[in-house]
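Given next are the chains, with one letter for each unit.
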Amino acid sequence: MLQSQDSEKRYKEILDVSSGDSHGMGMKPLTFARQCIHYPQVIAACIYPPLQHDDTLPLDVRERAQRFLEACDGGSIGSYPATRGIKKALRSVSEFITRRDGVASNPDHIIVMSGSQNALILMLRLLVRGEGSLPTGVLTPVPCYRSFNKALTAHGAVSVPYYLCEEEGWTMQVEELRRALQAARKHCNPVALYIINPGNPSGHVQSKESIEEVIRFAAEERLFLMADEVYQSMVHGNGSEFHSYRKVLMGSPYSSTVELASVHSASKGIMGECGLRCGYVELVNVDPGVRRYASLLASAGSSTSVVGQIALDVMADPPQPGQPSYALYAQELQSFRSTIMKNVQRTLEVLNSLPGITCQPIRGGIFAFARLHLSQAAIKHAKDKDLGPDMFYCLRLLEDTGLCAAPGSELGQKEGTYHIRYPSLCTQTRALHTPS
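Quick caveat, the model's predicted, so the values are computed rather than measured. (Residues numbered from 1 in each chain as written. Predicted model: local features only at pLDDT ≥ 70, side-chain atom pairs only at ≥ 80, totals over all residues. Heavy atoms only, no water.)

Moving on, we come to unusual backbone geometry. For the bond running from Val 142 to Pro 143, omega is 10 degrees, close enough to zero to count as cis. Tracing the backbone shows Pro 143 in the loop between strand E3 (136-142) and helix H6 (146-154). Put simply, Asn 197 and Pro 198 share a cis peptide bond, and its omega is -5 degrees. A positive phi angle, near 60 degrees, is found at Asn 285, a position not held by glycine. Topologically, Asn 285 is positioned in the loop between strand E8 (279-284) and helix H10 (288-299). With a phi close to 60 degrees, Asp 386 is a non-glycine residue in the positive phi region. In this fold, Asp 386 is placed in the loop between helix H13 (376-384) and helix H14 (389-401). (Helix = DSSP H or I, 4+ residues; strand = E, 2+ residues; numbered from the N terminus.)

Here helix H5 (residues 116-127) contains twelve residues, and its C-alpha end-to-end distance of 17 Å stays within 8% of the 16 Å for a straight helix at 1.5 Å per residue. Counting buried positions along H5 gives nine out of twelve residues, so the element sits mostly inside the fold. (Expected span 1.5 Å × (residues − 1). Buried < 20%, exposed > 50% of the residue type's maximum accessible area, 1.4 Å probe, protein only.)

This next bit is on the pattern of salt bridges. The final tally for this structure, using the stated rule, is 17 salt bridges. Note that Arg 146 is salt-bridged to Glu 410, the shortest N-O span being 2.4 Å. Of the two residues, Arg 146 is situated in helix H6 and Glu 410 in the loop between strand E12 (406-407) and strand E13 (418-423); the sequence distance between them amounts to 264 residues. The exposure class assigned to Arg 146 is partly exposed, which follows from its relative accessible area of 29%. Overall, the relative accessible area of 32% leaves Glu 410 in the partly exposed class. Note that Arg 178 is salt-bridged to Glu 221, the shortest N-O span being 3.6 Å. Linking Arg 178 in helix H7 (residues 174-184) with Glu 221 in helix H8 (residues 208-221), this pair joins segments that are 43 residues apart in sequence. Among the ionic contacts, a cluster of salt bridges with common partners joins Arg 64, Lys 88, Asp 313 and Asp 317. (Salt bridge = Lys/Arg side-chain N within 4 Å of Asp/Glu carboxyl O.)

One open sheet holds the four strands; their spatial order is E9-E10-E13-E12, and the pairing between them is antiparallel. The sheet terminates laterally at strand E9 (357-358) and E12, the two strands that pair on one side only. With two bridges joining them, E9 and strand E10 (residues 367-372) adopt antiparallel strand pairing. Looking at E10, one finds that Ile 357 is bridged to Leu 372. Across the sheet, H14 touches E9, E10, E12 and E13, and the angle it forms with E13 is around 45 degrees. (Pairing = 2+ DSSP bridges. Contact = heavy atoms within 4.5 Å. Axes fitted to C-alpha atoms, helices over the stretch in contact; angles between N-to-C directions.)

Any link to function would need more than the numbers given here.
Structure (structure tokens):
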């Protein structure tokens, strides 16, 4: 601590804004989702089937619970689910992808995992090669959330950093990809390109033209594409639109050649069910033998929780017009989007009004990655304390205001620059307790 623990603080509680836990920051879960996944609603109806006849539950919720029981072995959510996921969840995800992209998806190409991070780890287990004199390399964006780089290290891979262009709104540039690839080939064997779209923590959203350029680059360099698209439901920048890598790939000359792993999750975005840990990976243009091996690797761990798969199914197949739960679902969805939009606007206004801080537009996702313009005296003072300047800033922020934010040094940044990551998730109620 920078100050004595006995010193009086101006705040009554610490507000942790270092992660993207939307429910932990006060955002309310969607009622329909919780009716389908939270005791004592439909989970209770699945555990105790007579509750499916309880008229206090909406009809579509009861029907959803009944269909899930029918999809479980023995009609019980306590039975082991299939390795790749419950058939109903796989079918719902496949139909969701088909609607989104306008190109048919095959449920056999989808694997349900305990969160998007485990889906990405599964891909690393496929890609990392133990033999040879050079380690396996994965081109990784800077900035990038911490756990992916940790996963690379844990599986014996090397992170090949490519820098997003902050001055142009954290855009992804092929020239930078080429530079990173050429430099990396001297010390590792790059086999994959990892993309986060919308960006975490950068908040950028790739244009269709940018994705086309990246796919062309991957084709030329024979790189496996790993597209992390968990914030696809949260695009709020003017003129911004989410385009999935799969959709753009299917409309390109490389539709049958470039290999792609597309990842999504119920733990992020509108659902925000971080604690339920369920996501999926769809394998595109991947050899059938490799897909079977991926399923085998997935089966080596515990099966994905049935409760999490119910959340994933709700994300992929939400209430539709005419169903009893639709009106409330649509109302809550609009309220959530409106809150996020207001938070994003307010976050940018506040950050850009503070002396010594600038922030690029937040076009998607939930994070602002603001740049700290620190004086040489402040930088020297931090280094004298054996701390990175942005870490020192975050510690002072915690001491003075009770806000626990993430320093840019933990997420990656260009040499000589300093940043702080701040989410746009806090509700108005929580914000009222935060000092201005």
